[in-house]
Every structure is written in structure tokens, then in C-alpha cells.
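# A structural walkthrough
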Protein chains: 2
Amino acid sequence: MKILITGGAGFLGQRLARQLLTLGQLRDSHGQLQDISELVLLDVVAAHDFSDQRVRVITGDIADDGLMRQVLDHATSSIFHLAAIVSGQAEADFDLGMRINLDAPRLLLDICRELGHKPKVVFTSSVAVYGGQLPDVVQDTTALNPQSSYGAQKAIGELLLNDYSRKGYIDGRVLRLPTISVRPGKPNKAASSFASGIIREPLNGLDAVCPVSTDLNLWLLSPRRAVDALIAGHELSAETLGSQRTLNLPGLSVSVGQMIAALEQVSGADAAARISFEIDPAIERIVKSWPAAWNASRAVSMGLSADKDFASIIRAYIEDELS
Amino acid sequence: MKILITGGAGFLGQRLARQLLTLGQLRDSHGQLQDISELVLLDVVAAHDFSDQRVRVITGDIADDGLMRQVLDHATSSIFHLAAIVSGQAEADFDLGMRINLDAPRLLLDICRELGHKPKVVFTSSVAVYGGQLPDVVQDTTALNPQSSYGAQKAIGELLLNDYSRKGYIDGRVLRLPTISVRPGKPNKAASSFASGIIREPLNGLDAVCPVSTDLNLWLLSPRRAVDALIAGHELSAETLGSQRTLNLPGLSVSVGQMIAALEQVSGADAAARISFEIDPAIERIVKSWPAAWNASRAVSMGLSADKDFASIIRAYIEDELS
């Protein structure tokens, strides 16, 4: 089977690719394990190819019709659509957000529909689809009310994935991801970038600036669990998902203060002392609009799980990135 | 002030136009009453112009960029976007539904954004944005879960209207309409077409076929009240609406059996006897996915109201259309 990962050069795309290459097999739409014969990593910058013959690296614009028709064909049995313009950037550049977060997934879905072989499509959504007055724990039945363009675009993507699935054009799965922490690499333009930075920078001997107050609660998932969830979400049968293709993934509800306390517990007071506070109202407005927790019992009943606690997330980062 | 009505040749667009011409004034975005100097009725077929000098009738495709840029300009202070492909047709012709129910409103919003004068945009949405397992009475906080492409497209339109309003590109208002009954004219391709046909046809001495069973409950609004709601929704201040631009309009929860009983009450047993039943599973599936009632207290608190009972809806139809 041939698999496409959009956003394949991103940290989640790269980790997913590595895990898929190790696994070597995924379930096709009939539930049969099939060897992964080709793994296409598409992104605006060249992805790492893991020196693996199965990997094909393609660089280009995912909103480009011609490119997408080259990349997607009848042999593409599964697509992980991870590419996105992150929240802060989509808020700052409305046109870019609409193009990559709305036009691109729609183009992808329309090409799948034209091809007609009903591939599996795993689409990542976000806490940012929720907003406004929320219950303490968001339920599957809670109305979406995005307070950012990124959130609105993701909510639209969810509706498209569900409708294209209902019509039988694709076999779609929408995974609503908690905020991912600890992301490796550099800060990005996501409003939630600090949720990784306040841990990652101190662990790398750098100072970090936190743009929100310590009592702000976040709904978090580690990169390891996120990749597990992407694969588990792919492997679920269409029957298990039924007519509701959107899954709220398990996460941990943690305050910024608790995150810093866990950092101190794992790496000492010196690490925690590297964090200073400089409140950024634009970031705080967006991040505060997101739920601090949601009921993930549907995903848990399907075998998906959250991290044990935030200290174990930090230890996993150290293991994966610093050793 | 100049006003644009898309779907201006439709029965709702025509009634709205007539009422606006009679009123002569609407509130601008500063809450000031302004004379209506020009009323543009845009549709695929020519609208009736009421022999009124203020009316300009334009025929064309609302998804056509060039046409929309001719029709919309800096003088357009308000837009009533009523044009849509109805539920049954959008389900049968996916591309047409996507073009008119998604691309067209997005084009309209993008032109407004480019113009930069932040016009009022009244967008009509529908019971069809809800679906799946619903509470007996849908709340403002209930998640959307459309079970038709029409419903998905309307839900996407709602998200766009809300985000473009939040960004300050337009001053948007989304009115979620109950099913409108009794619509005048001929049956159309809406899944809910029967909700008017089983009353209208007998009142016009014709036989009617009902494709759903008598215990199916509908959430209904008369054309009169729908036009009142369109104007009231336009006149609300942006401050009253706040960050939530979507309003669930008041309606009546009535079963098909109760509708037929009201017809018998108003027009006698002979009228009711003209209805025969022929269950259509495709129609029943779509209409059953819609809520039979929602909590409209937010709209009621803003001064909007439902019809008194279904018999008065029938009497209003007779007054408006048959006398």
C-alpha cells in the first residue's frame, strides 16, 4: 500500500513516518494488514527520507492542483493530512490560512472523490474548534464555537471530512488533538508555542518567556501519544466510527503552574528559574478560548489513551530528543 | 442605502423585497435609520420588480466572480444572502451544492472584505445543520452534526460568517430558520417540500403525497414570520449579538398528524382527504435527522417570535395567497 503524509517534514509527520516505516504494515479499508510499499512525504520543505527505499520526498504547495494530482493516485490507500498553517500565523495572515487550512484539504478531498477508490483520510483537528462559554469538561455534544480563524478553518475541515465520508467519497477520520507538548525544535507561530517552549528551552539551557499566567489550564498530549493516536485512528474500522467521524483524543488537563512544577521536579529549580513571564494579550485571548479538558471516553473506549502525567511527558522529551 | 438580496426571485426574497419597499428604511451599522435608495434583486431567473424605481433586477450566477463584483460595491450597506441549492438537490448534485452553498457565500464574503466598508450580511441557515442523536429540545450549546450535504454546507457558511464578523470584515448575522411552511408555488427539491405541499395542494384543490409518517415532528415557521425575522435580525445591533452571530429562530414544533388535523380544522375533511401517504426513505432519513424543536430563548429575548399555532399559519397562507 502507498501512503501519503502531508506536512511530512513537520516534526509530527517525521515521527509518524519513522513509526510507519518501523511498523511496516497498516490495515487497509477491508481491515487487512498490508505492507507499506511507498511512503510519500509531502511538504513545502524537503522531508528527511530516513535512507529508506520506501520513502519518496516531494516538496511543493499542497494547495496546488497539479502537484496534488501527481502525488495522489489510485494506489494511495491512506492519507495523513497533517499540513496546516498554525493558529497564530492563520490569525495574522488570513488568506494564507484559508488557502492551506481550507482550500488545500478540500482539494485533497475532491481529488480523492474523483479517483473514486475511497481512501482512508486521517485529518488532524484541534482544541481551537471550541471556544466561548464552555463547560469545565467539553463533551462530544458541545457546540463548536471557534474564536480564531485557525479554529474556524479546522471546524470547516471537520465538516467536510464528515460529509465526504457520509457520501462514501473517502473513509475519513478526524482526530481532535490536544495541544502537543513538548514539541522539539524551535518556537513556531502557533499561539500554543509556549506550551512546549517553557519546557524545551530550559531543558536546553536557554531562557524562556511565558506569555500567559500560571493559572491558565491546557489540554495536553505528548508527541509520542499523538503519533500513537494517528496510527490508532487510522486502524479503527469504519464500522467502529459509524456516522460520527470526529474523535476527541484523550489528553491531560494541566495548568501552566503545574507544568513548571513538573519541570522543577524532573530537572531542578535552575531549569524552572529560566522561565520569565511577559503576558501577551493576543496569545492569551486565543489560548484561553480553548477547552482545558474534554471528555474523551469515546476515544478511550476505542483503545486510545493519554499520558500518565506531565512529568512523564518531560521525561519522554528528554529520552527522545536530548539523549 | 443600497441593499442586495441574493435569491431575490425566490418566494422569500420577493416577500422580503416587498416588505422592505413598504418600510422604506433600515438601520445602518451605526443604528441610524436610512432610506432605502436601491434594492438589488439578484437571482438566476429575473425577479419581479414591483414597478418600483428603487428596484434593480439582475440575473446571473452568484458564484460568478465578475458578476458579484458588479453587483456589490461600497454603496452596498446590507446584503440578505438567501440564495441556496435546497437540501434534496444538494444531496443529489454534490458539485452544484458546493458551488452555490459554499463557494458563493465565500466569494460574497471575500468581496465584502476587499471592499472594506463592513456591510451587514444576513445569512440564512437551517435546521439541517443539526443531526444525529439530538436532545428533545436542541440548545444553543448543542453540537452541529449535519446529516446532509446541504446541512454541512450551511454549517460551513455559519462558521465563515462568524469568523469574518469576528475579524471585522463584515457585520454578519446568521439566522437559523425552521422549516418554512406554507411555502407558496410549486413543490421544490427540498427534502422538506412536503411540509408545504400537504397543506398547499389540498387548499388549491389538488392531491398531495406525503413521503413521511404522521408521527414525524417538524420545527416550523410561516413565511410571514420568516420575513419579520430577516428584518429583525438585520436591525439588531452588533453589540446585542456580541461574538455569537448565530441565532436559532423561534418556531412551532408540530407533527405531520397535527398539521393535517389543523388543515381539517381550517378547511374541512375534504381538504385533508386529498393527502395520501407514500413513504420515501431518502426524504424521511434527511428530515428525521433534523431537530423537532430548539430553544429559541436568545432570539425571543431579542424580540423575535414564533407563530401562534399551525392553524393560524394555514389561515395566513389563505389570506396571502388565495384571496
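For the structure itself, look to the data block above.
Residues numbered from 1 in each chain as written. Chains lettered and ligands numbered in written order. Predicted model: local features only at pLDDT ≥ 70, side-chain atom pairs only at ≥ 80, totals over all residues.

## Considerations on the interface of chain B and chain A
- Across the boundary between the two partners, chain B contributes 16 residues, which contact 16 residues of chain A.
- Take the side of chain B that touches chain A: its biggest share by element is seven residues, from helix 5 (residues 149-166) of chain B.
- In terms of residue class, the side of chain B that touches chain A is made up of seven nonpolar, seven polar and two charged. (Contact = placed C-beta atoms within 7 Å. Helix = DSSP H or I, 4+ residues; strand = E, 2+ residues; numbered from the N terminus. Nonpolar A, V, L, I, M, F, W, Y, C, P; charged D, E, K, R; others polar.)

## Description of the nonpolar core
- In this structure, I5 of chain A together with I5 of chain B are the most contacted members of the largest nonpolar core, which totals 202 residues.
- When near neighbours in sequence (up to four residues on either side) are disregarded, I5 of chain B contacts G13, L16, A17, V40, L41, L42, F80 and L82 of chain B. (Core = buried A, V, L, I, M, F, W, Y, C linked by C-beta atoms within 7 Å. Buried ≥ 20, exposed ≤ 12 C-beta atoms within 10 Å, placed from the backbone.)

## Re the relation of the copies chain B and chain A
- Mapping chain B onto chain A is achieved by rotating through 180° and translating by 0.0 Å along the same axis, at an RMSD of 0.0 Å. A rotation of that kind, with that shift, is consistent with a two-fold axis. Looking at the rotation axis and the C-alpha trace of chain B, the residue lying nearest is A143 of chain B, at 1.8 Å.
- Comparing interface residues between copies, 100% of those in chain B also lie at the interface in chain A; the contact surface is shared. (Least-squares fit on C-alpha atoms with pLDDT ≥ 70 in both.)

## Focus: the packing of helix 6 (residues 194-203) of chain B against helix 9 (residues 256-267) of chain B
Residues and elements named next belong to chain B.
- Running from amino to carboxyl end, helix 6 crosses helix 9 at an angle of 20°, the nearest separation of the two axes being 10 Å. By the angle between their directions, the pair helix 6 and helix 9 is classed as roughly parallel. For the crossing formed where helix 6 meets helix 9, the hand is right-handed. Across the interface between the two elements, I198, I199, P202 and L203 of helix 6 pack against M259, I260, L263 and S267 of helix 9.
- Counted by class, the contact of helix 6 with helix 9 contains seven nonpolar, one polar and no charged residues. (Axes fitted to C-alpha atoms, helices over the stretch in contact; angles between N-to-C directions. Parallel < 35°, antiparallel > 145°, perpendicular 65-115°, else oblique. Left-handed = near helix turned anticlockwise from the far one by under 90°.)

## A closer look at helix 1 (residues 11-23) of chain B
All names here are of chain B.
- Look at helix 1: 18 Å from first C-alpha to last across 13 residues, which is about the 18 Å you get at 1.5 Å a residue.
- Every buried residue belonging to helix 1 is among L12, G13, Q14, L16, A17 and L20, and all of these are buried.
- The inward-facing, buried residues of helix 1 abut strand 1 (2-6), strand 4 (38-43), strand 6 (76-81) and helix 7 (223-235).
- Within two residues after helix 1, G24 carries a phi angle of roughly 80°, on the positive side. (Expected span 1.5 Å × (residues − 1).)

## Topic: the environment of G197 of chain B
Residue and element names in this part refer to chain B.
- Looking at the secondary structure, you find G197 in helix 6.
- By the C-beta count within 10 Å, which is 22 here, G197 ends up buried.
- Those residues in contact with G197 that lie beyond four places of it in its chain are P187 and A208.

## Regarding unusual backbone geometry
- The step from S181 of chain A to V182 of chain A runs through a cis peptide bond, and the omega angle for that step is 10°.
- Considering the arrangement of structural elements, one finds V182 of chain A in the loop between strand 9 (179-180) and helix 6 (194-203).
- Of note in the backbone geometry, F50 of chain A takes a positive phi value of approximately 60° without being a glycine.
- Along the polypeptide, F50 of chain A turns up in the loop between strand 4 (38-43) and strand 5 (55-59).
- Positive phi values are uncommon outside glycine, yet S51 of chain B reaches one of about 45°.
- Mapped onto the secondary structure, S51 of chain B falls in the loop between strand 4 and strand 5 (55-59).

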